Amino acid sequence: MTTRTTGRYKSSTHRYNAYEAVNELFDKAADRLNMAEELRQILKTPFREIEVAVPVRMDSGKIHVYAGFRVQHNGARGPWKGGIRYHPEVDKDEVRALASLMSWKTALIDVPFGGAKGGVACDPMNMSMTELERLTRKFTARIAIVLGPHRDIPAPDMGTDGQVMAWLMDEYSSRRGYSPGVVTGKPVSLGGSQGRITATAYGVITVADAFYKSRGDKLEGKTAAIQGFGNVGSYCAHFWHERGGKVVAITDVKGGVYNEKGLDVPALFDWFKEKRTVAGFPGADVMNNQDLLALPVDCLIPAAIGDVITPDNCTHIKAPLIVEGANHPTMPEADEELHERGITVIPDILANAGGVTVSYFEWSQNLTQFYWDEDRVNQELDRKMRKAFMDVHTLARQEKCSKRTAAMMLALKRVGEAEQQRGN
Ligand code: GLU
């Protein structure tokens, strides 16, 4: 047992390494598929990992050298695809884990991409726009050699947004010529797609809706607690509210709010615009991240950082449904316990696949230079999310396993087949 000392989970009693954790999920599914050891090795091992120094001149005049990573995990089904994360806790193991999850996510939602992830260990909240721009341009310059519209296509992730993608595209295009397809999640004015900003949350709420429908029930009137009010969390609140559900609690890095009758989500958006936090929103009680997880709601949506549902706190969870907006919010040991307790977890590679799905739409719009309206984007997204949900739901029933294991089985089968067909 090794202890993860630099990560978010500091317990000394539980082993934690994000990449090992993902591989544990991998093995569970591979065992059910009776996958040969050789193929397991091929599928588990990242194709290429790059680590670069990113020296940036700060506004103070001093140079700070950041560590940057790009891991290309598996490219059997198409160009590598995955976000770039700016966060102080980015390290190689986490980027590997996230890259691997992207390989399974793109296969499960069935878009013609492989899986990758990148990151820079930095604190974007405490950097100026000019510092962020210099950091992005330098990082892009140093990894440009492995990027390209038919090679590896980054996108936003935690701590990055459309502006960061615009700088990335500009830096890449200044070397190789106009290349909008080298990155997704760009501003619409630069070839981004309608509906990309809301896509991840739209997908999260669509699978929640599909879950209720599969039981002859409906989302309307259901209560939700959402951890996180960034891109995913905030729009999850928006869509849950729009579809007639009640959002009773939301937390962000600075605090949280609770109202058992349901929060006024549009008013909360206005509040957030001014205060940059949900904390202090009038007409609501104070809520913290741990208590939010234990609320007796119909649905819990972790939509912030990873590793928040731990073996220690999962026993307090009362929600019968967890929809994972974030990447790997649930540790494997906790996941097992939740499954045993009959709590349904809609796993990250299914629940938050809406982002990469609309990234695929954006990329194909860039290659064809033919642009879609938002209705078409959302319709196609809806169709893909519901199909993947039903595939997972059906297999989980057949196999009598969790939805996570079923999702991994479907993904591994597809990537494994592609690897073998390519002769590897
Ligand atoms: N960063 C997002 C994810 O984790 C989106 C990736 C993409 O669009 O390539 O799925």
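Located above this text is the structure these notes cover.
None of the values given here were measured: they were computed from a predicted structure.

A.B. asks: Just to check I follow, could you spell out the sheet that holds strand β5 (residues 152-156) for this structure?
C.D. replies: By way of backbone hydrogen bonds, the strands of a sheet pair with one another, either parallel or antiparallel. Taking strand neighbours across the sheet as the criterion, the five strands line up as β1-β2-β4-β3-β5 in an open arrangement whose pairing is mixed. Every interior strand has two partners, whereas the edge strands, β1 (48-57) and β5, have only one. Each strand axis lies, on average, 20° off the axis of its neighbour in the sheet, ignoring direction. Where β1 and strand β2 (residues 63-74) come together, 10 bridges link them in antiparallel fashion. Bridge pairing in β2 places V54 opposite Y66.

A.B. asks: Would you mind going over unusual backbone geometry with me for this structure?
C.D. replies: Peptide bonds are, in most cases, trans, and in most cases residues other than glycine have a negative phi. Not every positive phi belongs to a glycine, and D110 is a case in point at roughly 65°. Within the secondary structure layout, D110 lies in the loop between α3 (92-109) and β4 (115-120). For D110, a relative accessible area of 40% gives the class partly exposed. Even without being a glycine, D307 presents a positive backbone phi close to 60°. Looking at the element boundaries, D307 is found in the loop between β10 (299-302) and β11 (321-323).

A.B. asks: Could you clarify how one ought to interpret the packing of helix α7 (residues 231-242) against helix α8 (residues 265-275) in this entry?
C.D. replies: Two quantities define a packed helix pair, namely the angle between the helix axes and the distance between the axes. In the contact formed by α7 and α8, the axes pass within 9 Å of each other and the chain directions differ by 155°. When the axis of α7 is compared with that of α8, the two are roughly antiparallel. The two elements α7 and α8 cross, and the hand of that crossing is left-handed. Between α7, through S234, Y235, A237, H238 and H241, and α8, the contact on the second element is made entirely by V265, P266 and F269.

A.B. asks: Help me understand the sheet that holds strand β8 (residues 255-258) in this model?
C.D. replies: In space, the seven strands of this open sheet follow the order β9-β8-β7-β6-β10-β11-β12, with mixed pairing throughout. Of all strands in the sheet, those with a lone pairing partner are β9 (285-286) and β12 (344-346), marking the two edges. Relative to β11, β10 runs parallel, the two sharing two bridges. The residue bridging C299 from the neighbouring strand is L321, located in β11.

A.B. asks: Sorry if this is basic, but what is going on with helix α12 (residues 354-368) here?
C.D. replies: Quick reminder: α-helices carry 3.6 residues per turn. Residues three or four places apart thus point the same way. With 15 residues, α12 should reach 21 Å at 1.5 Å per residue; the first-to-last C-alpha distance of 21 Å fits that figure. Along α12, 12 of the 15 residues are buried, which leaves the element largely enclosed by surrounding structure. On its buried face, α12 is in contact with β3 (80-86), α3, β5, α6 (196-214) and α13 (374-399). Once α12 finishes, Q369 follows within two positions and takes phi at roughly 55°, a positive value.

A.B. asks: Quick question: what am I supposed to make of the environment of D335 here?
C.D. replies: As for its placement among the helices and strands, D335 is situated in helix α10 (residues 332-340). When its relative accessible area of 6% is taken as the criterion, D335 is described as buried. Taking C-alpha positions, D335 is 27 Å from T198, a pair spaced 137 residues apart along the chain. For D335, the contacting residues outside a window of four places in its chain are T330, V345 and R404.

A.B. asks: Can you walk me through the nonpolar core in this structure?
C.D. replies: Side chains of a nonpolar character, in soluble globular proteins, are inclined to be buried together. The biggest cluster of nonpolar side chains holds 82 residues, and the ones touching the most others in it are W104, W240, I250, I301, V323 and I346. When residues of this core are assigned to their parent elements, the largest contribution, 10 residues, is made by α6. Not counting residues up to four positions away in its chain, the partners in contact with W240 are I205, A208, Y212, L219, K222, T223, A224, G245, K246, V247, C299 and I301. Formed by 26 residues, the second largest nonpolar core is a distinct cluster that contains V54, V56, M58 and Y86.

A.B. asks: Could you clarify how one ought to interpret the pairing of strand β6 (residues 223-227) in this entry?
C.D. replies: Looking down a regular strand, the side chains alternate between one sheet face and the other. In terms of burial, β6 is largely enclosed, as five of its five residues are buried. Taking every second residue as pointing to the same face, both faces of β6 are buried, with T223, A225 and Q227 on one and A224 and I226 on the other. As paired strands, β6 and strand β7 (residues 246-252) are joined by five bridges and run parallel to one another. The residue bridging T223 from the neighbouring strand is K246, located in β7. Running through α7, the crossover from β6 to the neighbouring parallel element β7 is right-handed. Examined bridge by bridge, β6 and β10 share four bridges and lie parallel to one another. In the sheet register, A224 faces β10, and the bridge partner there is C299.

A.B. asks: Looking at this structure, how should I read the packing of aromatic side chains?
C.D. replies: The relation between two aromatic rings is expressed through the spacing of the ring centres and the mutual angle of the planes. Enumeration over the complete set of coordinates arrives at 12 aromatic pairs. Ring geometry for W271 versus F281: centroids 6.2 Å apart, planes at 70°, classification edge-to-face. One end of the pair, W271, is in helix α8; the other, F281, is in the loop between α8 and β9, with 10 residues separating them in the sequence. In this structure an aromatic cluster arises from ring pairing among F113, Y360, F361, W363 and W372. The residue whose ring lies beneath K275 is W271, and the NZ or CZ to ring-centre distance is 4.9 Å. If you follow R376 out to its NZ or CZ, it ends over the ring of W372, 4.0 Å from the centre.

What counts and how
Residues numbered from 1 in each chain as written. Predicted model: local features only at pLDDT ≥ 70, side-chain atom pairs only at ≥ 80, totals over all residues. Heavy atoms only, no water. Pairing = 2+ DSSP bridges. Helix = DSSP H or I, 4+ residues; strand = E, 2+ residues; numbered from the N terminus. Axes fitted to C-alpha atoms, helices over the stretch in contact; angles between N-to-C directions. Buried < 20%, exposed > 50% of the residue type's maximum accessible area, 1.4 Å probe, protein only. Parallel < 35°, antiparallel > 145°, perpendicular 65-115°, else oblique. Left-handed = near helix turned anticlockwise from the far one by under 90°. Contact = heavy atoms within 4.5 Å. Expected span 1.5 Å × (residues − 1). Core = buried A, V, L, I, M, F, W, Y, C linked by side-chain atoms within 4.5 Å. Right-handed = clockwise from strand over helix to strand, strands pointing away. Phe/Tyr/Trp six-rings, centres within 6.5 Å; stacked < 30°, edge-to-face > 60°. Lys NZ or Arg CZ within 6 Å of the ring centre and 35° of its normal.

Nothing here speaks to function; it is all geometry.
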